[in-house]
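Observations on the three-dimensional arrangement
As a plain string of letters, each chain reads:
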Amino acid sequence: MYQILARFYDALVKDDEATKDWVDFIEDHASFHSVLEYACGSGEITLALARKGYDVKAGDLSSEMIEMAKKKKDAHLVDFSVHDMTEPLDVKADCVLCLCDSMNYLIDEKDFKQVLHNAYMNLNEGGTFIFDVHSLDRLKEFEDEFYEEGMIDGCGYEWSIESHEDCIYQNFVFFDQEAHPSYEQHIQRVYDPDVITQWCEEAGFKVSVYTDFKKQGIHEGEKYLYVCERKSL
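One structure accompanies this document, and this report is about it.

Re unusual backbone geometry
The backbone phi angle of Ala 39 is positive, close to 50°, even though this residue is not glycine. Unusually for a residue other than glycine, Asp 74 sits at a positive phi of about 70°. Residue position: Asp 74 is located in the loop between helix 4 (63-70) and strand 3 (78-82).

Right, here's the structure in full:
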């Protein structure tokens, strides 16, 4: 995944207002100096935090996405690396992040629980793990296929999103200037929020949940945000 999409990712989904919402939410719900980010993607939120003076380390499974992040202004402020978030890291931080529905790429429950464990181990005592997931409403939203097409960076593209059972399927087709297609599919699993809360508590966290940044608890909306505090020993 993101082998092809990485080149077009920011042009398709970059949202400066959403980046600000994320930074505000993180600062409102965690006290920290050091940050470790899993699945940092193209690094928009990562760099926004680094520019504010935080000590930031960030990784992503996609080497292509990391290369895109490293090309951005102020990239030298972040320690970027290629990293699979299901693999343990020998790093400690005050705040661990996994944002923009990256946890939904963990199709296997064991991987989801492993990332929770990794985050717990990567946190300093009293530190905070913040992540988000798709709401259950997104499954209903995409029962009817979303479809978009257009031109981006001189290339044509088609983008469709459709849900089936507990998964969301995103299909991308990009056409070069000779109209040769390249395909990429992304599959995300949508979990019951109460089950996620249970897993977080079993991993050792004290958990608070928000819907779409502003509403505490589970409500109708697009995303659930989990604020998971590592309990002091």
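A word on the packing of helix 2 (residues 16-29) against helix 3 (residues 44-51)
Running from amino to carboxyl end, helix 2 crosses helix 3 at an angle of 55°, the nearest separation of the two axes being 10 Å. Here helix 2 lies oblique to helix 3, going by the angle between them. Our pair here, helix 2 against helix 3, has a crossing hand that is right-handed. Along its contact with helix 2, which presents Asp 16, Thr 19, Trp 22, Val 23 and Ile 26, the element helix 3 presents Glu 44, Ile 45, Ala 48 and Leu 49. Here the residues of the contact of helix 2 with helix 3 sort into 6 nonpolar, 1 polar and 2 charged.

Side note on the state of the cysteines
Enumeration over the complete set of coordinates arrives at 0 disulfides. In this model Cys 98 remains outside any disulfide bridge; the closest cysteine sulfur is found in Cys 100, 9.2 Å from its own. Overall, Cys 98 belongs to the buried group, its relative accessible area being 0%.

Conventions we followed
Think of each chain on its own: its residues are numbered from 1, step by step along the sequence as written. A pLDDT threshold of at least 70 governs which residues receive local features in this predicted model, and a stricter bar of 80 or more applies before side-chain atom pairs are shown or counted, although totals over entire chains, interfaces and linings include all residues. Values reported for side chains reflect all heavy atoms of the structure, with hydrogen atoms and water molecules removed beforehand. Strands here mean DSSP runs of E at least two residues long; helices mean DSSP runs of H or I at least four residues long; both are numbered from the N terminus. Note on geometry: axes are lines fitted to C-alpha atoms, helical ones only across the stretch in contact, with angles between N-to-C directions running from 0 to 180 degrees. Comment on the angle field: the value is read as roughly parallel under 35 degrees, roughly antiparallel over 145, roughly perpendicular from 65 to 115, and oblique elsewhere. The sense of a crossing depends on the near helix, which, turned anticlockwise from the far helix by less than a right angle, makes the crossing left-handed and, turned clockwise, makes it right-handed. Only heavy atoms matter for contacts: two residues are in contact if any of them lie within 4.5 Å across the pair. Amino acid classes used here: Ala, Val, Leu, Ile, Met, Phe, Trp, Tyr, Cys and Pro are nonpolar; Asp, Glu, Lys and Arg are charged; the rest, including Gly, are polar. For this text, the term disulfide refers to a pair of cysteine sulfurs within 2.5 Å. Burial classes follow relative accessibility: with a 1.4 Å probe on protein chains only, a residue under 20% of its type's maximum area counts as buried, one over 50% as exposed, and anything between as partly exposed.

By themselves these figures say nothing about function.
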